[in-house]
Amino acid sequence: MALRLVIAEKPSVAQTIAAALGVKEKKDGFIEGGGCLISWCVGHLVQLAEAAAYGEQYKKWSFDSLPILPEEWRYAVDPDKGKQFKTLKELMHRADVSEVVNACDAGREGELIFRFVYEQAGCTKPFSRLWISSMEDSAIREGFAGRRAGTEYDALYQSALCRARADWLVGINATRLFSVLYHKTLNVGRVLSPTLNLLVERDGKITMFHKEKYHIVHIGCGGVDAKSERISDATAADALKTACEASQAVCVSLKKEKKTALPPKLFDLTSLQREANRVYGFTAKQTLDYAQSLYEKRFLTYPRTDSNYLTEDMAQTATDLAAALLPVLPFMQGAELMPEIGRVINSAKVSDHHAIIPTTAFAGSGFDGLPESEKKLMSLVCCKLLCAVAAPQEYETVTAVFDCGGKQFTAKGKTILMAGWKDIDARFRAALKAKPDEDGAEDAALPELSEGQIFEAATASVSEHYTTPPKPYTEDSLLSAMENAGKEDMPEDAERQGLGTPATRAAMIEKLLSAGFVERKGKSLVPTKDGIN
């Protein structure tokens, strides 16, 4: 009987696939049954070989041996994982195995992990690709039914190979060069160093910053606080205050505008990491680890995605999911929602994987048994889905301009006409024990005013302020800077922009920290002396 060999990226995923396919017989390094053998890699089993593998002269780090440019690339099996590689190689070469299935994570790195093992094992059997965005049984079975020829993903493999080789060439050569020049190990990387540069540049701007004092004159008329422009000279500010106290204030302009705040998009990995850092103080790596764990528990869809949309065939699933989540979320008790699913559906904007959303399995079982950190992350993802399909917020802004003492003063107000998605967001934030930092206070509503209205007795006061330096990067703002780096230098239709990918940015930040180039100070990320050097 011909057998199918399925290779997952890690043991836990292999077990989930085996359970979905009813494969139960555990062997040493694989699971067998129902015409299937299911085995696993343990992360990167095979990697590009170290420089020393290309010749004795590269064992010692020296200026004269640079640059190291392999003509034929060599590969090495991770010495700690040799046993599992041997198991996979034996399974691939078994006479009764007719087909291999690449069931590694459905992304660029998963493709590379499988191909390196397949090629290093000298396997030539035909292979197909399992490409799924959820670990639910139904998704796994559907994925198996719709497997595609492995060769359809050759371009993805080539791009992964380019990335791996570029990292090797830049990392090995630049690290050796700078380490030899400065007589100290200095890790240089294709993504690592430009990211460090962002942090060092920001630190320089903060260090060189000189604060400047300025003043704002306030006038009070009819329950409105109207403000002047910034005034750098204290004497001029006091003179204006005195002039205002002796003259009437006139409302010379009143501008009302109806506006709409559209619901947010669904999470991709970077926006999830940014918001989890803002709301809970999670690091980018913690967020990815929690999301990966929830994915393997079948509660969350595939986390390493760069898309904020769902595909057209998911419209009904998303509608049912939004309804099923309402009773599960404590902060949504008593709330109603008429989901507008069309807003989150756009197949053209989904590349490898759709946006991160909860699964129907989570909607069925809720938060029971989850650790606190994973409960928090699930709440964030559920709230985002509900906000994204809720109605827009509608509000009216009012800008009133007053003439007083020969100068103009401005007051701004805002009236909410329909809360829309902001009601869900407010419920969620009210349920948080610690309030996240809010960006700026909301404008309150202004009292009724009319153009030409005169206020005989205006009060006046002066407040002192200082210009503020740029803020140090947090993981939230650094992830944003990495994502948008070089955007203005890139053509609009470039496929990828920024530093790293959603899947690798967290690891880069951790690498800078562990190398001693960056340190955490509260929520801030600050370069160390070594980092600046």
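Refer to the structure presented above.
Bear in mind the structure is a predicted one, so any value in this text is a computation, not a measurement. (Residues numbered from 1 in each chain as written. Predicted model: local features only at pLDDT ≥ 70, side-chain atom pairs only at ≥ 80, totals over all residues. Heavy atoms only, no water.)

A. Region of the structure containing the packing of helix α8 (residues 269–280) against helix α12 (residues 372–388). Interhelical geometry of α8 versus α12 gives an angle of 115° and a closest axis separation of 11 Å. Crossing of α8 over α12 shows right-handed handedness. Residue-level contacts link Leu272, Glu275, Ala276, Val279 and Tyr280 of α8 to Lys376, Leu377, Ser379, Leu380, Val381 and Lys384 of α12. Residue composition of the contact of α8 with α12, by class: seven nonpolar, one polar and three charged. (Axes fitted to C-alpha atoms, helices over the stretch in contact; angles between N-to-C directions. Helix = DSSP H or I, 4+ residues; strand = E, 2+ residues; numbered from the N terminus. Left-handed = near helix turned anticlockwise from the far one by under 90°. Contact = heavy atoms within 4.5 Å. Nonpolar A, V, L, I, M, F, W, Y, C, P; charged D, E, K, R; others polar.)

B. View of the side chain of serine 39. Relative to the helices and strands, serine 39 is located in strand β4 (residues 36–40). With relative accessibility at 0%, the residue serine 39 sits in the buried group. Side-chain polar atoms of serine 39 contact the side chain of glutamine 84, separated by 3.1 Å. (Buried < 20%, exposed > 50% of the residue type's maximum accessible area, 1.4 Å probe, protein only. Polar contact = N/O pair within 3.5 Å; in protein donor to acceptor, adjacent residues only side chain to side chain.)

C. Representation of empty space enclosed by the protein within the structure. Per the counting criterion, the structure on display carries one cavity of 30 Å³ or more. What the largest cavity holds in volume is close to 60 Å³. Around the largest cavity, the lining residues are Val13, Ile17, Ala103, Cys104, Asp105, Ala106, Leu130, Ile132, Met135 and Tyr295. Per-class residue counts for the lining of the largest cavity are nine nonpolar, no polar and one charged. (1 Å grid on protein atoms, 1.4 Å probe; cavity = no way out; pocket = protein on both sides within 12 Å on 5 of 7 lines; lining within 4 Å. Points joined across faces, edges and corners; volume = space filled by probe spheres on them.)

D. Structural view of the packing of aromatic side chains. Scanning the model with the defined rule gives 15 aromatic pairs in all. These aromatic residues form a ring-pair network of at least three members: Tyr54, Trp73 and Trp168. Between arginine 129 and the ring centre of tyrosine 153, over which it is positioned, the NZ or CZ distance is 6.0 Å. Across from the ring centre of tyrosine 395, 4.3 Å away, lies the NZ or CZ of lysine 414, which sits over that ring. (Phe/Tyr/Trp six-rings, centres within 6.5 Å; stacked < 30°, edge-to-face > 60°. Lys NZ or Arg CZ within 6 Å of the ring centre and 35° of its normal.)

E. Region of the structure containing the pattern of salt bridges. Counted by the stated rule, this structure contains 35 salt bridges. The structure contains a network of salt bridges with shared partners spanning Arg274, Glu275, Arg278, Lys384, Asp425, Arg429 and Asp476. (Salt bridge = Lys/Arg side-chain N within 4 Å of Asp/Glu carboxyl O.)

F. Quick look at the environment of glutamate 451. Considering the arrangement of structural elements, one finds glutamate 451 in the loop between α13 (421–431) and β15 (454–455). The exposed category is assigned to glutamate 451, whose relative accessible area is 52%. Sequence separation between glutamate 451 and valine 250 is 201 residues, and the spatial gap between their C-alpha atoms is 8.1 Å. Leaving out residues up to four positions away in the same chain, glutamate 451 has contacts with Cys251, Val252, Ser253 and Leu254. Separated by 3.1 Å, the side chain of glutamate 451 and the backbone nitrogen of leucine 254 make a polar contact.

G. Region of interest: the packing of helix α14 (residues 475–484) against helix α15 (residues 505–514). At a closest axis distance of 11 Å, the pairing of α14 and α15 adopts a crossing angle of 120°. Between α14 and α15, the interaxial angle falls into the category oblique. Along this stretch, α14 crosses α15, giving a crossing that reads as right-handed. Taken together, the residues of α15 that come into contact with α14 (itself represented by Glu475, Leu478, Leu479, Met482 and Glu483) are Arg505, Met508, Ile509 and Glu510. Looking at the contact of α14 with α15 residue by residue, the classes come out as five nonpolar, no polar and four charged. (Parallel < 35°, antiparallel > 145°, perpendicular 65-115°, else oblique.)

H. Focus on a nonpolar patch on the surface. A surface patch of nonpolar side chains, amounting to about 430 Å² of accessible area, comprises Phe63, Phe178, Leu181 and Tyr182. Its place among the elements puts tyrosine 182 in helix α5 (residues 154–182). (Patch = residues over 30% accessible without salt bridge, like charges linked within 9 Å, V, L, I, M, F, W, Y side chains within 5 Å. Areas by Shrake-Rupley, 256 points an atom, 1.4 Å probe, with all protein chains shown as cover.)

I. Up close: the pairing of strand β3 (residues 30–33). The two faces of β3 match: Phe30 and Glu32 on one face and Ile31 and Gly33 on the other face are all buried. As paired strands, strand β2 (residues 25–27) and β3 are joined by three bridges and run antiparallel to one another. Along β3, the bridge assignment pairs glutamate 25 with glutamate 32. Linking two consecutive strands that pair antiparallel, namely β2 and β3, is a turn of two residues; a positive phi of about 90° is found at glycine 29 within it. Remark: two residues form the turn of the hairpin made by β3 and β4, two consecutive strands paired antiparallel; glycine 34 in that turn has positive phi of roughly 55°. (Pairing = 2+ DSSP bridges.)

J. Broad picture of the nonpolar core. Core analysis: the biggest nonpolar cluster contains 55 residues, and Leu310, Leu325, Phe362, Met378, Leu386 and Ile424 have the highest contact counts within it. Contributions of two or more residues to this core are made by α8, α9 (284–296), α10 (315–325), α11 (360–365), α12 and α13. Examining the composition of this core, we find that ten residues originate from one element, α12, more than from any other. Not counting the four nearest positions on each side in its chain, leucine 386 is found in contact with Ala322, Leu325, Leu326, Leu329, Met332, Leu337 and Ile424. Judged by nonpolar contacts, the second largest core, of 37 residues, contains Ile7, Tyr54, Phe116 and Leu161. (Core = buried A, V, L, I, M, F, W, Y, C linked by side-chain atoms within 4.5 Å.)

K. Inspection of the sheet that holds strand β19 (residues 524–527) at higher detail. Spatial strand order, β17-β19-β18: three strands in an open sheet with antiparallel pairing. Across the chains shown, the open sheet's two edge strands, defined by having one partner strand only, are β17 (473–474) and β18 (518–521). In the sheet, β17 pairs with β19 via two bridges, with the strands oriented antiparallel. Each bridged residue has a counterpart across the sheet, and for threonine 474 the counterpart in β19 is serine 524. Helix α6 (residues 192–207) rests against β17, β18 and β19 of the sheet, and its axis sits at about 90° to β19.

L. Just the environment of alanine 335, in detail. Note on placement: alanine 335 falls in the loop between α10 and α11. For the pair alanine 335 and threonine 459, spaced 124 residues apart in sequence, the C-alpha to C-alpha distance is 44 Å. If sequence neighbours within four positions are ignored, alanine 335 has contacts with Leu326 and Arg427.

M. Inspection of helix α2 (residues 82–92) at higher detail. Along α2, the residues that are buried comprise Gln84, Phe85, Thr87, Leu88, Leu91 and Met92. Axial view of α2: buried residues confined to an arc of 155°, hence all on one face. Of the exposed residues in α2, the ones pointing more than 90 degrees away from its buried face are Lys83 and Lys86. (Arc of directions from axis to C-beta.)

N. Summary view of the state of the cysteines. For the coordinates displayed, the defined rule picks out zero disulfides. The cysteine cysteine 104 is free of any disulfide, with cysteine 41 supplying the nearest cysteine sulfur at 4.2 Å. Cysteine 404 supplies the cysteine sulfur nearest to cysteine 244, a cysteine that is in no disulfide, at a spacing of 3.7 Å. Given the relative accessible area of 0%, cysteine 244 is considered buried. (Disulfide = S-S within 2.5 Å.)

Read these as layout, nothing more, since geometry by itself doesn't imply function.
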